[in-house]
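A closer look at the structure
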Amino acid sequence: MGDGDKVPVRNPIILWFQELGKGDVPRAGGKGANLGELTHAGIPVPPGFVVAADAYHQFLTESNLAQTIRDLLSGLNPNDNEKLQIQATRIKDAILRESMPRDIETAICEAYRTMGAPTVAVRSSATAEDLAEASFAGQQSTFLNIQGEDAVLDAVKGCWASLFEPRAIFYRAHQGFDHVAVKIAVPVQRMVQSEISGVLFTAEPVSNDRNKIVIEAIFGLGEAIVSGAVTPDLYILDKRTLQIVEKTVARQTYQLVRNPQTTNRDNTNMELAIPAEQQGVQKLDDATILELAKLGRRIEEHYGTPQDIEWAGEGGRIYIVQSRPITTLQARPELPGPARGEGGPQGRPREVNARLLISGSPASPGANFGPVKVIFSASQIGEVQPGDVLVAPMTTPDFVPAMERASAIVTDQGGRTCHAAIVSRELGIPCVVGTGNATRSLRDRQIITVDGTTGKVWEGAIMELMSVETRKAKRRIKTATKLYVNLAAPKLAEQVAQRYVDGVGLLRAEFIINDHIREHPRYLIETGRSEEFITKLAEGLTTFARSFAPRPVVYRTTDFKTNEYRNLRGGEKYEGEEENPMLGYRGASRYTKDVEVFKLEIEAIKRVRRTYKNLWVMIPFVRTVEELANTKRLLSKYGLRRSESFKLWMMAEIPSNVFLLDQFLDVGIDGVSIGSNDLTQLILGVDRDNQKLVDVFDERNPAVMMALEHIIRTCKRRGVTVSICGQAPSVYPELTQKLVEWGVTSVSVSPDMIDETRRIIARAERRLQRAKAEAAAAPERNGNGASGFELALSHSSVSGAR
């Protein structure tokens, strides 16, 4: 099947690129949805199809593997690397042993034959409610040069199994995500036998310069550039004029090519030596650099935001094989006063009174020091201690647990788009790559300072360089709408607190309880260990309150569903089986019916607030006005009363919260936070985990939009803070624009979307200011500024109930 051929007959298991767009992330994952979007935009994309995320869900359901996975991961400490490896292997083996459902197998084979049965690339495209695919590069597998139906089926299952690589389990556990709720789609795409390949950024990812285009190029398959195995050529262009302003040619001794002898999906590539006379030549001629830059600029214009693009060249043609937003861009640092060091961000000379040890490519800005720890494989990551400078030939996704502990990273190989560079920028730690000899030149426990802005590594701890590079003097975008962050893992608190956010808009208790307490509170009470629950919960909450002080931390009290409580030690004794836990015994209903357990949680909050007054409380899943009133009475009875320093919020995530909002507010609360995930599900009557209804779940549905507008306008009228903490603002910029127009007080998003959401809010506020100026003399909508929802309710018996 060629690029312009007709879309084949529609099949819910198979999604052809031609029928997908960027809004299809729930079905096709981020990678699959973007390949479809690019195809529609006329970008040269190798043709292919996506095995829908619902196919994986069907596979888990019909094989009963979901419970097996839960059992194997129950009680697992993700920081126990040995146990993590063992359980990950067991889960992957279980997935690979299980037969694929016949209808899925048939659909994949028919689609592959429709393509002409070519050699293909089989890639992973994960999607989950709170999981941003950009977070931590390379968590799931990609299989290149796959040929034949059996091999394609095997590779699809390999992608499914890769959801349970140790690195992926580690990341989800630390983010508090449900392992079984994560879905994965699998794009199957005609393989480009790359004579040359690389990565293109439509903004400079290290200095955050949006006026530059950065291109990296190598001979052969692109896997070598992403892994960091090969140091690429680097070309930098002025985005406006497309003039090449910098060019660095790297020597390349070998390239990755297809291995024609193998039948093993894990060994489809081979290294091929490059003749000596070609090792130092420029990979792309200037005309091709210009062509590629124009293509990158066109893709950025289509998406409206800077892009991280993977490309491949075959037979004189350039193909785009992936494009995604750059999630690590920040405002460029402005360093006041005379700069110190060498080669600062603005190119000014700086003097450092220390010995320069090695230099490489700047990959993640900032500077930090620490003792060197040299490791050569992922099996050694347990040797890296907090604060060490991790030094390695290159990093892989399996290095992520050690990278999180490191103060800085230095590698022998790689460019600005290799794994070490991307993950370091996501973690916000300094990184220098492509030094050539760091593992040989640096010795264990040697104290060094890594300057990720200049690409230099200095002897000793250079405090003055650190103070310059870590200075929070960068220009910040000011917005009237506050930007909060959603968090769950205590380990991330200090790191995220350094970001430009106004506080924590949603602190989930689930991670602290699942990972640190692990036992049902009733079981602890029965065994005389109530104090253990209080102490551990208080310790977890303190981590967040201390890191963000004096900014507010809005703690959502426990919202475990019955099935989740059953998974805690001792839980089966106290929790029954429910047909639909989503609508079952959860949220505020538990507090009023099991006061003894709620008292433990209240006591933990009180202990934290003795020192940190910035910890507030938010009550989830409040079904009735009486439930809110009773919960508020319990809080007051046991010592948590509203005051200037203690704010009480309520989640608005049930239709009754929308219809009776004035009555809920009359109870006396300080804020409302919209849980758009549950609210959308309940307004539309959709189980968002049901594979047949996934297309219906959309926060932009008119019914949901009316509810959101009503909540925000009502809270604004009543002078009550109103926020939103679902995933929608991170996914739909046009929705964020509406929220700002209606008067939302704050927006709370996942950490990877902080900077982009701040920019979206700023743009929305500017548009709103212009619109107000232009319409200053025009009458207000509907005569009084009320929403259509409010006007509709004014004619019903529901709206006036007080």
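If you're wondering where the values come from, they're calculated on a predicted model, not measured in any experiment. (Residues numbered from 1 in each chain as written. Predicted model: local features only at pLDDT ≥ 70, side-chain atom pairs only at ≥ 80, totals over all residues. Heavy atoms only, no water.)

**A word on the overall build of the protein chain**
Per the secondary structure count, the protein chain includes 30 helices and 30 strands. For the protein chain, the proportion of its 802 residues judged to be buried stands at 59%. If you take every contact in the protein chain between residues at least 6 apart in sequence, the share linking residues at least 24 apart comes to 68%. (Helix = DSSP H or I, 4+ residues; strand = E, 2+ residues; numbered from the N terminus. Buried < 20%, exposed > 50% of the residue type's maximum accessible area, 1.4 Å probe, protein only. Contact = heavy atoms within 4.5 Å.)

**A short note on the pattern of salt bridges**
Tallied over the entire structure, the rule returns 39 salt bridges. The residue Glu532 makes a salt bridge to Arg529 at a minimum N-O spacing of 3.0 Å. Classification of Glu532 by relative accessible area gives partly exposed; the value is 25%. Among the residues examined, Arg529 registers a relative accessible area of 25% and is labelled partly exposed. The salt bridge partner of Glu709 is Arg713, with a shortest N-O separation of 2.9 Å. Pair noted here: Glu709 and Arg713 are both in helix 26 (residues 702-718), with a separation of 4 residues, about one helical turn. When salt bridges with common partners are traced through the structure, they connect Glu519, Arg529, Glu532, Lys536 and Arg569 into a single cluster. (Salt bridge = Lys/Arg side-chain N within 4 Å of Asp/Glu carboxyl O.)

**Some thoughts on the environment of Ser643**
Mapping Ser643 onto the fold places it in the loop between helix 22 (625-637) and strand 27 (648-652). Judged by relative accessible area, which is 33%, Ser643 ranks as partly exposed. Taking C-alpha positions, Ser643 is 9.6 Å from Asp670, a pair spaced 27 residues apart along the chain.

**A short note on the pairing of strand 6 (residues 183-190)**
Counting buried positions along strand 6 gives 7 out of 8 residues, so the element sits mostly inside the fold. As paired strands, strand 2 (residues 48-51) and strand 6 are joined by 4 bridges and run antiparallel to one another. Bridge pairing in strand 6 links Val51 to Val186. Of the strand pairs in this sheet, strand 3 (residues 120-123) and strand 6 are connected by 3 bridges, and their pairing is antiparallel. Considered in strand 6, the bridge of Val122 is made with Val188. One ladder, built from 3 bridges, connects strand 4 (residues 125-127) with strand 6; its direction is antiparallel. Counterpart to Thr127 in the pairing with strand 6 is Lys183. (Pairing = 2+ DSSP bridges.)

**Quick look at the packing of helix 26 against helix 28 (residues 733-742)**
It is at 9 Å that the axes of helix 26 and helix 28 come closest, and there the two elements cross at 30 degrees. By the angle between their directions, the pair helix 26 and helix 28 is classed as roughly parallel. Crossing hand, helix 26 versus helix 28: right-handed. Between helix 26, through Met705, Leu708, Glu709, Ile712, Arg713 and Lys716, and helix 28, the contact on the second element is made entirely by Leu735, Lys738, Leu739 and Trp742. Considering only residue class, the contact of helix 26 with helix 28 consists of 6 nonpolar, no polar and 4 charged. (Axes fitted to C-alpha atoms, helices over the stretch in contact; angles between N-to-C directions. Parallel < 35°, antiparallel > 145°, perpendicular 65-115°, else oblique. Left-handed = near helix turned anticlockwise from the far one by under 90°. Nonpolar A, V, L, I, M, F, W, Y, C, P; charged D, E, K, R; others polar.)

**Regarding the packing of helix 25 (residues 676-684) against helix 26**
At a minimum axis distance of 9 Å, the contact between helix 25 and helix 26 shows a crossing angle of 125 degrees. One way to sum up the angle between helix 25 and helix 26 is to call them oblique. For the crossing formed where helix 25 meets helix 26, the hand is right-handed. Here Leu679, Thr680, Ile683 and Leu684 of helix 25 lie close against helix 26, whose contacting residues are Ala703, Val704, Ala707, Leu708 and Ile711. Across the contact of helix 25 with helix 26, the residue classes tally to 8 nonpolar, 1 polar and no charged.

**A word on helix 1 (residues 25-40)**
Relative to the 22 Å expected for 16 residues at 1.5 Å per residue, helix 1 spans just 15 Å between its end C-alpha atoms, considerably shorter than the ideal helical length. The largest bend in helix 1 comes to about 80 degrees, at Lys31. Within helix 1, 12 of the 16 residues are buried, leaving the element largely enclosed by the surrounding structure. Those residues of helix 1 that sit buried are Arg27, Ala28, Gly29, Gly30, Lys31, Gly32, Ala33, Asn34, Leu35, Gly36, Glu37 and Leu38. Just past helix 1, the residue Gly42 takes up positive phi, approximately 80 degrees. (Expected span 1.5 Å × (residues − 1). Bend = angle between axes of the 7 residues up to and from the residue.)

**Comments concerning helix 22**
The periodicity of an α-helix, 3.6 residues per turn, causes residues three or four positions apart to be oriented the same way. For helix 22, spanning 13 residues, the distance from its first C-alpha to its last is 18 Å, which sits close to the expected 18 Å at 1.5 Å a residue. Turning to helix 22, its buried residues are Val625, Glu627, Leu628, Ala629, Thr631, Leu634 and Leu635. Note on helix 22: the residue one or two positions beyond its end, Gly639, has a positive phi of about 105 degrees.

**So, the environment of Gly587**
Relative to the helices and strands, Gly587 resides in the loop between helix 19 (571-574) and helix 20 (588-593). If sequence neighbours within four positions are ignored, Gly587 has contacts with Asp559, Pro620 and Phe621.

**Some details on the packing of aromatic side chains**
Counted according to the given criterion, the structure contains 6 aromatic pairs. Where Tyr56 meets Trp160, the ring centres are 6.0 Å apart and the plane angle is 55 degrees; that geometry is what we call tilted. Taken together, the residues Tyr56 in helix 2 (residues 53-63) and Trp160 in helix 6 (residues 149-161) connect sequence positions 104 residues apart. With a centroid separation of 4.3 Å and 10 degrees between ring planes, the pair formed by Tyr591 and Phe598 is classed as stacked. Taken as a pair, Tyr591 and Phe598 share a single burial class, namely buried. (Phe/Tyr/Trp six-rings, centres within 6.5 Å; stacked < 30°, edge-to-face > 60°.)

**Concerning the nonpolar core**
One finds Leu541, Phe548, Val672 and Ile711 to be the most contacted residues of the largest nonpolar core, which totals 89 residues. Here the element with the most residues in this core is helix 17 (residues 530-548); it accounts for 8 residues. Non-local contacts of Val672, meaning those with residues more than four positions away in its chain, are made with Met650, Ala652, Leu661, Leu665, Ile711, Cys715, Val720, Thr721, Val722 and Ser723. Within the second largest apolar cluster, 48 residues are counted, among which are Phe49, Tyr56, Leu65 and Ile184. (Core = buried A, V, L, I, M, F, W, Y, C linked by side-chain atoms within 4.5 Å.)

**Describing empty space enclosed by the protein**
Enumeration according to the criterion identifies 3 cavities of 30 Å³ or more in this entry. What the largest cavity holds in volume is close to 110 Å³. His520, Pro521, Thr558, Tyr565, Glu575, Arg590, Tyr591, Asp594, Val597, Phe598 and Glu601 are the residues that line the largest cavity. For the lining of the largest cavity, the secondary-structure elements that each account for two or more residues are helix 20 and helix 21 (595-609). Residue contributions to the lining of the largest cavity peak at 3 residues, all from helix 21. Partitioning the lining of the largest cavity into residue classes produces 5 nonpolar, 2 polar and 4 charged. (1 Å grid on protein atoms, 1.4 Å probe; cavity = no way out; pocket = protein on both sides within 12 Å on 5 of 7 lines; lining within 4 Å. Points joined across faces, edges and corners; volume = space filled by probe spheres on them.)

**Remarks on the sheet that holds strand 17 (residues 367-374)**
Strand order in the open sheet made by the 8 strands is 15-22-21-17-18-19-20-16, with mixed pairing throughout. Looking at the sheet topology across the chains shown, the edges are occupied by strand 15 (356-359) and strand 16 (361-364). Pairs of neighbouring strands in the sheet enclose a mean axial angle of 30 degrees, with direction left out of account. Direction of pairing for strand 21 (residues 447-451) relative to strand 22 (residues 456-459): antiparallel, over a ladder of 4 bridges. Note that in strand 22 the partner of Ile448 across the bridge is Glu459.

**Things to note about the confidence of the model for the protein chain**
Looking at the protein chain, the pLDDT average stands at 84 and 86% of residues meet or exceed 70. With pLDDT under 50 throughout, residues 331-349 is counted as low confidence; its partners more than four residues away or in other chains account for 52 contacts. A low-confidence stretch, residues 777-785 (pLDDT under 50), is modelled with 10 contacts involving residues beyond four sequence positions or located in other chains. (pLDDT = per-residue confidence, 0-100.)

**Things to note about the side chain of Ser197**
Along the chain, Ser197 turns up in strand 7 (residues 196-201). Here the side chain of Ser197 touches Gly220 through a polar contact of 2.6 Å, landing on its backbone oxygen. Ser197 has contacts with Glu216, Ala217, Ile218, Gly220, Leu221, Gly222, Trp311 and Ala312, leaving out every residue within four places of it along the chain. (Polar contact = N/O pair within 3.5 Å; in protein donor to acceptor, adjacent residues only side chain to side chain.)

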